[in-house]
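# Architecture at a glance
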Amino acid sequence: MKILYIKTSLLLVFLASANILFGQGIKGKITDAANGLAMPGVSVSVVGTSQGASSNEKGEYSLKLSQGSYQLKVSFIGYESQTSNVTISSGTQTLDFSLKPLSNALNEVAVVGSRSTKPRTNIESPVPVDVISAKEMRSFPQTDITQVLNYIAPSFSSNRQTVADGTDHIDPASLRGLGPDQVLVLVNGKRRHTTALVNINGTFGRGTVGTDMNSIPLAAIDHIEVLRDGAAAQYGSDAIAGVINIVLKKVTPLVISTSYGQSASSTNGNTYTDGKTYQIDGSKGWDLNGKGFVNIAAQYLDRGATNRGGLDTHPLIYSALPTKGANESEADFETRFAGIKAADDAKAKADGFSRDNMIIGNSHSKNFGSFGNAQYSVADWATVYLATGYTHKTGSAAGFIRLPNQFTQIDATIYPDGFLPFINTSINDISASGGVKGKLSNWTYDLSNTFGENNLSYTIDHTLNASLPIGTSPTSFKAGELIFKQNTVNLDVSRKYDFTGFLTSLNMAYGAEYRIDNYEIKPGEELSYSYGQPSKNIPGRLVGTTPAAAGSQVFPGFKPSNAIDKSRNNQSLYADYEAEFGPRVLLEAAGRYEHFSDFGSNFSYKFTGKVKVIDQLAIRGAIATGFRAPSLAQRYFNNESTQFVSGNPTQVLTVNNDNPIVRKFGVGSLKPEKSKSYSLGLAGKITSALTFTIDAYQIDIKDRIVFSSQFTRAIPAVADILNTVDPNGQINSVQFFTNAISTRTKGLDIVLADRININSASSLTLSAAANFNQTKVRSIQGSDIIEGSAALKAKLFDRTERSRFESSVPASKINLSALYNIKKFDFSLRSVYFGKVTYLNSVDPTIPANNLPLELDQTYSGKWVTDLAISYKVIKQLGVTISASNLFDVYPDKNYMDPRNNVNNLSGNPANNYTTNRDNTSNGHFVYSRAVSQFGFNGRFLSGKVVYTF
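Conventions and cut-offs
Residues numbered from 1 in each chain as written. Predicted model: local features only at pLDDT ≥ 70, side-chain atom pairs only at ≥ 80, totals over all residues. Heavy atoms only, no water. Helix = DSSP H or I, 4+ residues; strand = E, 2+ residues; numbered from the N terminus. Rg over C-alpha atoms; globule rule 2.2 N^0.38 Å. Buried < 20%, exposed > 50% of the residue type's maximum accessible area, 1.4 Å probe, protein only. Contact = heavy atoms within 4.5 Å. Areas by Shrake-Rupley, 256 points an atom, 1.4 Å probe, with all protein chains shown as cover. Lys, Arg positive; Asp, Glu negative; His and termini not counted. Charge placed at Lys NZ, Arg CZ, Asp CG, Glu CD. pLDDT = per-residue confidence, 0-100. Pairing = 2+ DSSP bridges. Axes fitted to C-alpha atoms, helices over the stretch in contact; angles between N-to-C directions. Phe/Tyr/Trp six-rings, centres within 6.5 Å; stacked < 30°, edge-to-face > 60°. Lys NZ or Arg CZ within 6 Å of the ring centre and 35° of its normal. Polar contact = N/O pair within 3.5 Å; in protein donor to acceptor, adjacent residues only side chain to side chain. Expected span 1.5 Å × (residues − 1). Arc of directions from axis to C-beta. Salt bridge = Lys/Arg side-chain N within 4 Å of Asp/Glu carboxyl O.

### A word on the overall build of the chain
Looking only at helices and strands, one finds 11 helices and 49 strands in the chain. For 950 residues, the compact-globule estimate of 2.2 N^0.38 gives 30 Å, and the chain sits close to it at 31 Å. Looking at the chain as a whole, 57% of its 950 residues qualify as buried. Within the chain, counting contacts between residues at least 6 apart in sequence, those at least 24 apart form 71% of the total. Within the structure as shown, the chain displays about 37000 Å² of accessible surface, and the carbon and sulfur contribution to it stands at 59%. Charged side chains of the chain number 90 positive and 79 negative; the gap between the two group centres comes to 6 Å.

### Quick look at the confidence of the model for the chain
This prediction gives the chain a mean pLDDT of 90; 94% of its residues lie at or above 70. When the criterion is pLDDT under 50, residues 1–22 qualifies, and its contacts beyond four places in sequence or with other chains add up to nine contacts.

### Overview of the sheet that holds strand 11 (residues 129–133)
Sheet architecture is open: five strands sit in the order 11-16-17-14-15, paired in mixed fashion. If you trace the sheet from one side to the other, it starts and ends with strand 11 and strand 15 (190–191), each paired once. When strand 11 meets strand 16 (residues 221–227), the two strands line up antiparallel, connected through five bridges. Looking at strand 16, one finds that Val131 is bridged to Glu225. The sheet strands contacting helix 3 (residues 145–152) are strand 11, strand 16 and strand 17 (242–248), and the helix crosses strand 16 at an angle near 55 degrees.

### A look at the packing of aromatic side chains
Going through the model one piece at a time under the given rule, you end up with 31 aromatic pairs. Where Phe596 meets Phe627, the ring centres are 6.1 Å apart and the plane angle is 80 degrees; that geometry is what we call edge-to-face. Linking Phe596 in strand 32 (residues 585–596) with Phe627 in strand 34 (residues 617–628), this pair joins segments that are 31 residues apart in sequence. The exposure class assigned to Phe596 is buried, which follows from its relative accessible area of 1%. What makes Phe627 buried here is its relative accessible area of 1%. Directly above the ring of Tyr318 sits Lys347, whose terminal nitrogen or CZ lies 4.9 Å from the centroid.

### So, the environment of Thr252
With respect to the element layout, Thr252 can be found in the loop between strand 17 and strand 18 (255–263). As for Thr252 and Tyr415, which are separated by 163 residues in sequence, their C-alpha atoms are 55 Å apart. In contact with Thr252, not counting residues within four places along its chain, are Pro40, Ser283, Lys284, Gly285 and Asn295. There is a polar contact of 3.1 Å between the side chain of Thr252 and the side chain of Asn295.

### Some thoughts on helix 5 (residues 330–351)
With 22 residues, helix 5 extends 31 Å from end C-alpha to end C-alpha; this agrees with the ideal 32 Å at 1.5 Å per step. Within helix 5, the full set of buried residues consists of Phe333, Phe337, Lys341, Asp344 and Ala348. An end-on view of helix 5 places all buried positions within 65 degrees of arc, on one side of the element. Exposed side of helix 5, more than 90 degrees from the buried face: Ala331, Thr335, Ala343, Lys349 and Ala350 are the residues found there. Of the residues trailing helix 5, Gly352 is marked for its positive phi of about 75 degrees.

### Observations concerning the pattern of salt bridges
According to the stated counting rule, one finds 40 salt bridges in the structure shown. Among the salt bridges present, the one from Arg799 reaches Asp857, with a minimum N-O distance of 2.7 Å. Placement of Arg799 in helix 11 (residues 799–806) and of Asp857 in the loop between strand 45 (837–839) and strand 46 (858–860) is noted, with a sequence separation of 58 residues between them. Among the residues examined, Asp857 registers a relative accessible area of 22% and is labelled partly exposed. When salt bridges with common partners are traced through the structure, they connect Glu513, Arg515, Asp517, Arg568, Arg592, Glu594, Asp598, Arg635 and Asp658 into a single cluster.

### So, the environment of Ile870
Topologically, Ile870 is positioned in strand 47 (residues 863–873). Placed 731 residues apart in sequence, Ile870 and Ser139 show a C-alpha to C-alpha distance of 8.8 Å. Residues in contact with Ile870, not counting those within four places in the same chain, are Phe825, Asp826, Phe827, Val880, Thr881 and Ile882.

### As for the side chain of Arg628
Turning to its location among the elements, Arg628 is positioned in strand 34. Of note is the side chain of Arg628, whose polar atom sits 3.0 Å from the side chain of Gln634. Those residues in contact with Arg628 that sit more than four places away from it in its chain are Asp181, Gln182, Ser237, Asp238, Ile240, Gln634, Pro672, Glu673 and Ile705.

### A look at the sheet that holds strand 3 (residues 52–54)
The antiparallel open sheet is built from four strands, whose spatial order is 3-2-5-6. A single partner strand is all that each edge strand has here, and the edge strands are strand 3 and strand 6 (82–88). Looking at each pair of strands side by side, their axes are set apart by 20 degrees on average, direction ignored. Note: strand 5 (residues 68–75) against strand 6, seven bridges, orientation antiparallel. Across the sheet, the residue bridging to Gly68 is Ile88, located in strand 6.

In structure tokens:
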């Protein structure tokens, strides 16, 4: 018993000692100095350690600390950070913080672009970084990330596409005028997977594979960091134009918002109230006793379709266009034509046929997305974390109308008045990124694994397979599936050394990455692609001597011969050094080596620097090389599709670079794009509240991957090649990916921001930002075979494709915004100038021999688009907002329509008759251009939103 007593006494002494050493700590509350409200989600960190916490929904935080002296740092996006020294001796101390809103947006803290553990404000960073807060993103009626960024970030451009197959449902985006696949997207600093879709239709970004940022709900996002500078040496492939880092929420109160909006627009003599959009989202973050957090967010978005199409100008709907006889006079022909047209018009009227027969606008889309973000400290040296998301998105987009006189395209027993086919997509996006991070000795480490999958399946309905026997075709088809998967393992370590003397600090960072990519194409059902039905020995139908169109109209399904399952891996190592020489000079050097299993190795480097000339002014700059590995989709995508060229349907074969057809053009396997970039800028303060950044840049890229123009059967050499795979002559043209051009992009970014505190109850925040950008194709280089044929060289990269690279996104963009806050009201006003864009026709109209209108080369003038939002706090927890996007109902310039493209044109004279290739409207349907990316053409959008915070 005596021994037991002694052991028990020792245990009690030990526990008491432990309580003295570890039972104490610090707690407190964090509030907003402007209004006294509690601030949830504020980061509280212990400087020099891995310990930290976040404030809960009441603004409260707590930290368990052993005895000793510490420095606490409290930070939150949009507010001035605070530090405080504290000494812990016994018990729990209380330390409250009151954070002041930043005097301007340019002082917000950014992490992306530097491997240093010391975050820097925008004007302190050696390269330009924009930080976009959740409040700024949700002040206006845009409901998805790409549209939010399009109106906030001047160097970013994205518009919804129309009549472009899968691209109707995944928005292509551009940073600094470069392609969707030349910007790297991160989530919480980890590489985000791309989509399975490769854009092959006639839109901006044709031939690229981007990232579907809209699969991440806005409700899950704390802020977005946009690094406007090449960063391949730091983050790897794709970061030629820059990096977009989406940072998820941590500790937040329960917030639920719902909104409704619709078009309220007038154009072309019509009034539109379409595009009805319903949205509901919510998020909640829990503090885990100061050791971590869990945040869950979800969003449901139902976006209605819009239609701004024009009236069909085909003179005849049911009958074939008559041909003028050799000895027939013009007057006799027009009389005969008029009789045919009168009968045709009478049938159209009797059948109720409408010439408003296409849908040119936003597709109908439903999007449910959810995201979770969690972190927990399991030891002083280790914190585990996980960010995971799932999105299910469905869409329905119309294609081109099939008229009843397009005899090889239709079956009149099923659709006597023709039909408008629809491409329906089901997109599932899954991601999970988890790992452990912390501090061992003086080294900070982060070991993670990130998995992502994008799955896109096609169902085509209100269509048919015209090659089947009359009256037997189904009207809906499963057309196949695209799948992309990516798994990335990262190890990052860093350490900071502090010195006295000339070199005051050195941050060293090292890392390794192993990534596996996988790309699959799964075929559709047989009738979605077949000519006839070979499995049942049913031959394909002929219309006269012409084969009827095979497969599901608008989108023939993927064939078994298109099916692939391809993988690759890459390994990389990087080193990054960031040195400070006193308070005025910062220099950084980074290098990255990567080895890909399918094309070899690459080394990229980057040097950056910032010199503070005076306290209010710094000069900064960077020199970097970069690269972009060809995506697996670019390497292996192949299919057969129906595309409309000058209003006429054509069967287009897309082949990958392993196909013998490509070898017959002398084109080899794809290789990576290589870049060199240079930037030089100024950053500083004009007054204590008015700050600015000005950055000039140049980006040279060689071996850019392009999607070739269509090589048609009209070229004898192409006909010979196509006949080897298509003896029936159904395929009209072929296209493929190739490293064909070198480009130079030059530009200037300017950002200014100011915050004016008018009195204790009101403030005014002003910002102005602009981007001026120009891309030029410096050289076009084909294979020896292509270079040896003028006809082939002209089709490798024609004038239209050139204009997609040089002038399809605004050459300038200016963003002016003002936020006025007074008591319970917020007034937000924003006006964005979208600069001019230019479309070039594939055939040069300036050459008289081509006999085309000069107006086919069309420049669309710049326009200002204004948004207004008014918010009111009904009670502390409840806020309402009414807003107008495109307040003044601005539309882009209209497409050129040739006078000959007229429904009543009965001429038989070749110089005056109806034709489809003399204007940009595609038989009157496209009033506004889809070939360029400016600001859309839906007009004014009105909405209301209610937000409740529990």
